[in-house]
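Architecture at a glance
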Amino acid sequence: MSLLSVIVPCYNEEESVALFYQELMKEQSFLREKGIELELLYIDDGSRDATADEVKKLIGQDGRVRLISFSRNFGKEAAMFAGMEKSRGDLVVIMDVDLQDPPSLLPQMILHLEEGYDSVATRRVSRRGEPPVRSFFARLFYRLMKKISKTEIMDGARDYRLMTRQMVDAILSMREYNRFSKGIFGWVGFRTKWLEYENVERARGETKWSFWKLFLYSLDGITAFSTLPLMFASLMGVLFCVLAFVLILFTVVRKLIFGDPVSGWPSLVCIISLVSGVQLFCLGILGQYLAKAYLEVKRRPLYLIREEL
Ligand code: UDP
Ligand code: MG
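What counts and what doesn't
Residues numbered from 1 in each chain as written. Chains lettered and ligands numbered in written order. Predicted model: local features only at pLDDT ≥ 70, side-chain atom pairs only at ≥ 80, totals over all residues. Heavy atoms only, no water. Phe/Tyr/Trp six-rings, centres within 6.5 Å; stacked < 30°, edge-to-face > 60°. Buried < 20%, exposed > 50% of the residue type's maximum accessible area, 1.4 Å probe, protein only. Donors = N, O, S within 2.8 Å, 3.2 Å for Na, K, Ca; no water. Pairing = 2+ DSSP bridges. Helix = DSSP H or I, 4+ residues; strand = E, 2+ residues; numbered from the N terminus. Axes fitted to C-alpha atoms, helices over the stretch in contact; angles between N-to-C directions. Contact = heavy atoms within 4.5 Å. 1 Å grid on protein atoms, 1.4 Å probe; cavity = no way out; pocket = protein on both sides within 12 Å on 5 of 7 lines; lining within 4 Å. Points joined across faces, edges and corners; volume = space filled by probe spheres on them. Nonpolar A, V, L, I, M, F, W, Y, C, P; charged D, E, K, R; others polar. Polar contact = N/O pair within 3.5 Å; in protein donor to acceptor, adjacent residues only side chain to side chain. Near = heavy atom within 4 Å. Salt bridge = Lys/Arg side-chain N within 4 Å of Asp/Glu carboxyl O. Patch = residues over 30% accessible without salt bridge, like charges linked within 9 Å, V, L, I, M, F, W, Y side chains within 5 Å. Areas by Shrake-Rupley, 256 points an atom, 1.4 Å probe, with all protein chains shown as cover.

All right, on to the packing of aromatic side chains then. The geometry of an aromatic ring pair comes down to the distance between the two centres and the angle between the two planes. One pass over the structure, following the stated rule, counts ten aromatic pairs. Taking 5.4 Å as the distance between ring centres and 65° as the angle between the ring planes, the aromatic pair formed by Phe141 and Tyr142 counts as edge-to-face. Where Trp209 meets Tyr217, the ring centres are 5.1 Å apart and the plane angle is 50°; that geometry is what we call tilted. Taking relative accessible area as the criterion, Tyr217 reaches 15% and is therefore assigned buried. Connected via pairs of aromatic rings, a cluster forms that spans Phe141, Tyr142, Phe180, Trp209 and Tyr217.

Next comes the structure, spelled out in structure tokens:
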């Protein structure tokens, strides 16, 4: 007998909690055939609506349901981390409560895992139903990441993923504060099977991600999985240095050949460009180290629990 932990992050999702439960239970006969027990962890990420009460209702009906309530909204990344930390299963799957990660894919995922994969991940091949501006910037982000990061980050990858305990433990060993799961999944490696599916629109409620929130999240992703932007200051520094040398040559030659009526001004420009170039160059190097240290030093907890059932 093995145990499957289903981790479901919820933030203001009172309408979806029960619906998700019903949908998941449709897969129960398959799980039973395979001899897989189920545990269902709802992570209430500081919801201000009746999400926790809805989960408590389910706990009354079904002993396999668990609830972890945060003291405030810590974000989906923290919710996923808490879920993995609290899960007991030797298989773990993360799913959105809004049914955008269809539980009907679960049997297929489990079969693939049995073929010997460590993880079965999903990606959307279409973005139907999403605002076009959002799709455009999402695509841009993935293209950029491909160029500037060594870690593989799939376009359209979801957090919907079935993993073995071994992979979950590897992910849990990464205690960084600035979490970007799409990168972390890629970073830990392991053999991953990708399943593709058409985008499914949210069943109830509305998305918790504004364009601005997504934009900041993408910056998290870039800083967590690439240090190339820091190099930008250094590159600019080198560029300015080169420019300054050209200017120096230019002014010297001009002075020698044509003479110079306004003395003092050109040399000043040369010196200012040279020095500011060198400064940017040094700032770039410092920034490299500072950014790395800054994120590690604080060591704040990733989440705080208010209630656990
Ligand atoms: N979520 C969360 N904390 C947050 C934001 C979202 O736990 O701060 C959960 C949310 O309840 C849902 C999942 O993360 O189960 C995905 O969120 P959403 O559907 O809003 O994102 P989208 O599918 O639009 O990208
Ligand atoms: Mg969603």
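Picking up where we left off.
On to the coordination of the magnesium ion (ligand 2). Surrounding the magnesium ion (ligand 2) are the protein donor atoms Asp98 (OD) and Gln100 (OE1), at 1.9 Å. Comparing Asp98 with Gln100 shows no difference in burial state: the two are buried.

What follows is about the sheet that holds strand β5 (residues 119-124). Ordered by their spatial adjacency, eight strands build an open sheet running β7-β5-β6-β4-β1-β2-β3-β8, and the pairing between neighbours is mixed. Of all strands in the sheet, those with a lone pairing partner are β7 (192-197) and β8 (305-308), marking the two edges. On average, adjacent strands in this sheet sit at an angle of 20° to one another, irrespective of strand direction. Where strand β2 (residues 36-44) and strand β3 (residues 65-70) come together, five bridges link them in parallel fashion. Within the sheet, the bridge partner assigned to Asp44 lies in β3 and is Ser69. In the packing of helix α5 (residues 106-114) onto the sheet, contacts are made with β1 (2-10), β2, β4 (91-94), β5, β6 (157-164) and β7, and the angle to β6 comes to roughly 50°. Of the strands in this sheet, β4, β5 and β6 touch helix α7 (residues 165-172), which is tilted by about 120° from β6.

What follows is about the layout of surface pockets. Its boundaries defined by the atoms lining it, the second largest pocket holds a volume of some 680 Å³. Every residue lining the second largest pocket is counted, 24 residues in all, and those nearest its centre are Thr223, Ala224, Phe225, Ser226 and Thr227. Listing elements by their share of the lining of the second largest pocket, those giving two or more residues are α9 (211-225), α10 (228-258) and α11 (265-297). Element by element, the count of residues in the lining of the second largest pocket is highest for α11, at five residues. Each residue belonging to the lining of the second largest pocket can be placed in one class, and the counts come to 13 nonpolar, six polar and five charged.

Let us look at the side chain of Glu77. By the element assignment, Glu77 lies in helix α4 (residues 76-86). A distance of 2.5 Å separates a polar atom in the side chain of Glu77 from a polar atom in the side chain of Tyr217. Among residues more than four places away in sequence, those in contact with Glu77 are Arg179, Phe180, Ser181 and Tyr217.

This part covers the site of ligand 1. Near ligand 1 lie 16 residues; those nearest to it are Glu13, Asp45, Asp98, Gln100 and Lys208. In this structure, Asp98 approaches ligand 1 through a side-chain N or O atom, which is 2.6 Å from an oxygen atom. The side chain of Gln100 places a nitrogen or oxygen atom 2.6 Å from an oxygen atom of ligand 1. Its residues assigned to classes, the shell around ligand 1 shows five nonpolar, four polar and seven charged.

It is worth spelling out the pattern of salt bridges at this point. In the structure shown here, the tally under the stated rule is 18 salt bridges. With a closest N to O distance of 3.8 Å, Arg88 and Glu39 form a salt bridge. Taken together, the residues Arg88 in the loop between α4 and β4 and Glu39 in strand β2 connect sequence positions 49 residues apart. Several salt bridges converge on common partners, so that one network encompasses Lys76, Asp96, Asp101, Arg158, Asp159 and Lys182.

This part is about the pairing of β5. By the criterion of burial, β5 is predominantly enclosed, with six of the six residues buried. The alternating pattern of β5 places Ser119, Ala121 and Arg123 and Val120, Thr122 and Arg124 on opposite faces, both of which are buried. Here β5 pairs with β6 via four bridges, running antiparallel. Residue pairing for β6: Ala121 is matched across the bridge by Arg161. Relative to β7, β5 runs parallel, the two sharing six bridges. By the bridge assignment for β7, Arg124 is matched with Tyr197.

Together, Val133, Phe136, Phe137, Leu140, Phe211, Trp212, Phe215, Leu216 and Leu219 make up an exposed nonpolar region whose accessible area comes to about 870 Å². Looking at the nonpolar patch, the elements with two or more residues in it are α6 (132-148) and α9. Looking at the nonpolar patch element by element, the count peaks at five residues for α9. Mapped onto the secondary structure, Leu140 falls in helix α6. On the accessibility criterion, Leu140 (35% relative accessible area) is partly exposed.

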